[in-house]
Number of protein chains: 2
Amino acid sequence: MVRNGSAAGPETSRQQRRFLARKSAILDAALSLFSQSGLRGVSAEQIAEAADVSKTNLFYYFSSKEEIYVGVLKRLLSDWLAPLDALDPQADPIQAIGDYVRLKMEMSRADPHSSRLFCLEIVQGAPMIGDELRTSLKTLVDRKAAVIRRWSEDGKIAPVDPHHLIYAIWAMTQHYADFSAQIAAVSGRTLDDELFFREATENVLRVILGALSTDAGAKSPQGAA
Amino acid sequence: MVRNGSAAGPETSRQQRRFLARKSAILDAALSLFSQSGLRGVSAEQIAEAADVSKTNLFYYFSSKEEIYVGVLKRLLSDWLAPLDALDPQADPIQAIGDYVRLKMEMSRADPHSSRLFCLEIVQGAPMIGDELRTSLKTLVDRKAAVIRRWSEDGKIAPVDPHHLIYAIWAMTQHYADFSAQIAAVSGRTLDDELFFREATENVLRVILGALSTDAGAKSPQGAA
DNA sequence: GTCTATATCTCGATAGAC
DNA sequence: GTCTATCGAGATATAGAC
């Protein structure tokens, strides 16, 4: 949850805090731009304008456009991992996974820009954050997969592959943020529409929790390729 | 299924066919580049090199880089819509939807570049193909949603929202292509691994078909947000 | 810390010879 | 249809004054 550039310990001076706050504001402005047009599609001048600083001044705070881009991504990543990290092994499985799905849907609604920038980065092969994925993310996912596997073994949920279950949750919840342009074109609505948000959430919950119920999950799919 | 630039009627001359074949080859080369780096992240020179023509020559076949990009997308889109279009109202619902899921998974494996380029375009707000989404795609999806709704009303499958069901299928199947960098980082495997492909397909089938079975689908999810 | 001015470079696209 | 040469726009990043 620690945000790069805004985690100010008590020893930081007023100047340092001001400096860091300024950097953070620039990252905020850069996020929505990068999420819409990607690293190459955004100019330093556009970022400067959106952050209300001069272009020259922008390069006083960051030494390159790429550094801004990476800064945005790194900051995003810690927030990104938090919800899964919160998955509690002691909780009731259905409740815990349901809570996770609901939280992911809330995040897709509240911060679609972050979801889209993350998506852009991954689709392009994760050139900037591949290392973090192979270390932090992998460790976290493997740990939580073990929790889910235990739940399966204890008969609390149907036997499912934990990794594929997590991918399914990520895919469906993030889809509403990442593909909102397509959904808007087809359904004419987005998550900003409260009713649509509820329908979407209920559907994801039905699909995911349905796969976890101990009776339905037992039967295997017909004719798997 | 008609591919722009390669649909040569019998009346086209040898020269014309050669011309169109050349254009098609350029589009092929451009696809994998654009899918990895986006419109702005790829230079005309890179495309020329990949297509084994000179940069000057590239602009003999296409008047601008953007025209190439749109050409790739338009060609992709028709292939993209075909599987859903093939959903047969007369077929057994579980079989038909299962077949659709399996086909989408096959496509994610066989042509991940197309999936990723489509994803990039949509995430960025579909600036180039928004019109097609609001017309062709919307018409198609609405028509097939009606088919699925009819199946629900006839009691052949559980009552589900057809649009959200379609989004769920798209999300999960395309996720394996679009987020393969992340999946590779976490699971260490991709759809190229035959076993992993089968696990993934079975999991998606279990989740989707599970939500359609007439007994499990009846109960509503607990505590939807 | 913030500004004006500018060096430097890449890239899209074209001109014109062949 | 294909090449060499090049124009001009726009972008990153820096220099140096204040």
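Only a predicted model underlies this, so the values are computations on that prediction, with no experimental measurement involved.

What counts as what
- Residues numbered from 1 in each chain as written.
- Chains lettered and ligands numbered in written order.
- Predicted model: local features only at pLDDT ≥ 70, side-chain atom pairs only at ≥ 80, totals over all residues.
- Heavy atoms only, no water.
- Near = heavy atom within 4 Å.
- Polar contact = N/O pair within 3.5 Å; in protein donor to acceptor, adjacent residues only side chain to side chain.
- Helix = DSSP H or I, 4+ residues; strand = E, 2+ residues; numbered from the N terminus.
- Nonpolar A, V, L, I, M, F, W, Y, C, P; charged D, E, K, R; others polar.
- Axes fitted to C-alpha atoms, helices over the stretch in contact; angles between N-to-C directions.
- Left-handed = near helix turned anticlockwise from the far one by under 90°.
- Contact = heavy atoms within 4.5 Å.
- Buried area = accessible area lost by both parts, 1.4 Å probe.
- Salt bridge = Lys/Arg side-chain N within 4 Å of Asp/Glu carboxyl O.
- Core = buried A, V, L, I, M, F, W, Y, C linked by side-chain atoms within 4.5 Å.
- Buried < 20%, exposed > 50% of the residue type's maximum accessible area, 1.4 Å probe, protein only.
- UniProt positions renumbered as here; feature names shortened; annotations may be inferred.
- Parallel < 35°, antiparallel > 145°, perpendicular 65-115°, else oblique.
- Phe/Tyr/Trp six-rings, centres within 6.5 Å; stacked < 30°, edge-to-face > 60°.
- Lys NZ or Arg CZ within 6 Å of the ring centre and 35° of its normal.

### Some remarks on the protein's contact with DNA strand C
Not every one of the 15 residues close to DNA strand C is listed here, only the nearest: Ser54(A), Thr56(A), Asn57(A), Ala44(B) and Lys65(B). Expressed as a percentage, the sugar and phosphate content of the atoms of DNA strand C within 4 Å of the protein is 45%. In this structure, Asn57(A) approaches DNA strand C through a side-chain N or O atom, which is 2.9 Å from a sugar or linking oxygen. Between a phosphate oxygen of DNA strand C and a main-chain N or O atom of Lys65(B), the distance comes to 2.9 Å. Every element with two or more residues in the surface near DNA strand C is listed here: α1 (14-37) and α3 (55-61) of chain A together with α3 (55-61) of chain B. With four residues, the single largest contributor to the surface near DNA strand C is α3(A). Here the residues of the surface near DNA strand C sort into five nonpolar, six polar and four charged.

### Considerations on the packing of helix α5 (residues 93-110) of chain B against helix α10 (residues 194-212) of chain B
Residues and elements named next belong to chain B. Axis separation between α5 and α10 bottoms out at 10 Å; the angle between their running directions is 145°. The two elements α5 and α10 meet at a crossing, and its hand is right-handed. Together, Ile 94, Ile 97, Gly 98, Val 101, Arg 102, Met 105, Glu 106 and Arg 109 of α5 and Glu 194, Phe 197, Ala 200, Thr 201, Val 204, Leu 205, Ile 208, Leu 209 and Leu 212 of α10 make up the contact between the two elements.

### Concerning the interface of chain A and chain B
At the junction of the two partners, chain A supplies 67 residues and chain B supplies 67 residues. Where chain A abuts chain B, roughly 5,700 Å² becomes buried across the two surfaces, and 65% of that area is made up of carbon and sulfur atoms. The largest contributions to the chain A side of the interface with chain B come from His164(A), Val186(A) and Arg206(A), which together make up 12% of the buried area. The interface formed by chain A and chain B contains zero salt bridges. Taken together, the connections running from chain A to chain B amount to ten residue pairs in polar contact (both at pLDDT 80 or more). Counting residues per element, the ones that place at least two in the side of chain A that touches chain B are α1, α5 (93-110), α6 (112-123), α7 (130-153), α8 (162-178), α9 (180-187) and α10 (194-212) of chain A.

### What to know about the nonpolar core
Ranked by internal contacts, the top residues of the largest apolar core, which has 146 residues, are Ile68(A), Ile208(A), Phe34(B), Ile68(B) and Ile208(B). In contact with Ile208(B), other than residues within four places in its own chain, are Ile97(B), Val101(B), Leu165(B), Ala168(B), Ile169(B) and Met172(B).

### Overview of the UniProt feature "domain: HTH tetR-type" (unreviewed entry) in chain A
In this numbering, the UniProt entry assigns the feature "domain: HTH tetR-type" (unreviewed entry) to residues 20-80 of chain A. Its end C-alpha atoms 21 Å apart, residues 20-80 of chain A is made of 80% helix and 0% strand.

### Some thoughts on the packing of α7(A) against helix α9 (residues 180-187) of chain B
Relative to each other, α7(A) and α9(B) sit at 65°, their axes nearing to 8 Å. With respect to α9(B), the element α7(A) is oriented roughly perpendicular. Like other packed secondary-structure pairs, α7(A) and α9(B) cross with a definite hand, here right-handed. Residues Leu133(A), Arg134(A), Leu137(A), Lys138(A), Val141(A) and Asp142(A) of α7(A) touch α9(B), and the partners they reach there are Gln182(B), Ala185(B) and Val186(B).

### Concerning the packing of aromatic side chains
To describe a pair of aromatic rings, one takes the distance between the centres and the angle between the planes. Residues and elements named next belong to chain A. Going through the model one piece at a time under the given rule, you end up with 16 aromatic pairs over all chains. Plain terms: the ring middles of Phe 19 and Tyr 60 are 6.3 Å apart, the flat faces sit at 90° to each other, and that makes the pair edge-to-face. Taken together, the residues Phe 19 in helix α1 and Tyr 60 in helix α3 connect sequence positions 41 residues apart. Residue classification places Phe 19 among the partly exposed residues on the basis of a relative accessible area of 30%. Judged by relative accessible area, Tyr 60 falls into the exposed class, the value being 57%. Looking at Lys 104, its charged tip hangs above the ring of Trp 80, at a distance of 4.5 Å from the centre.

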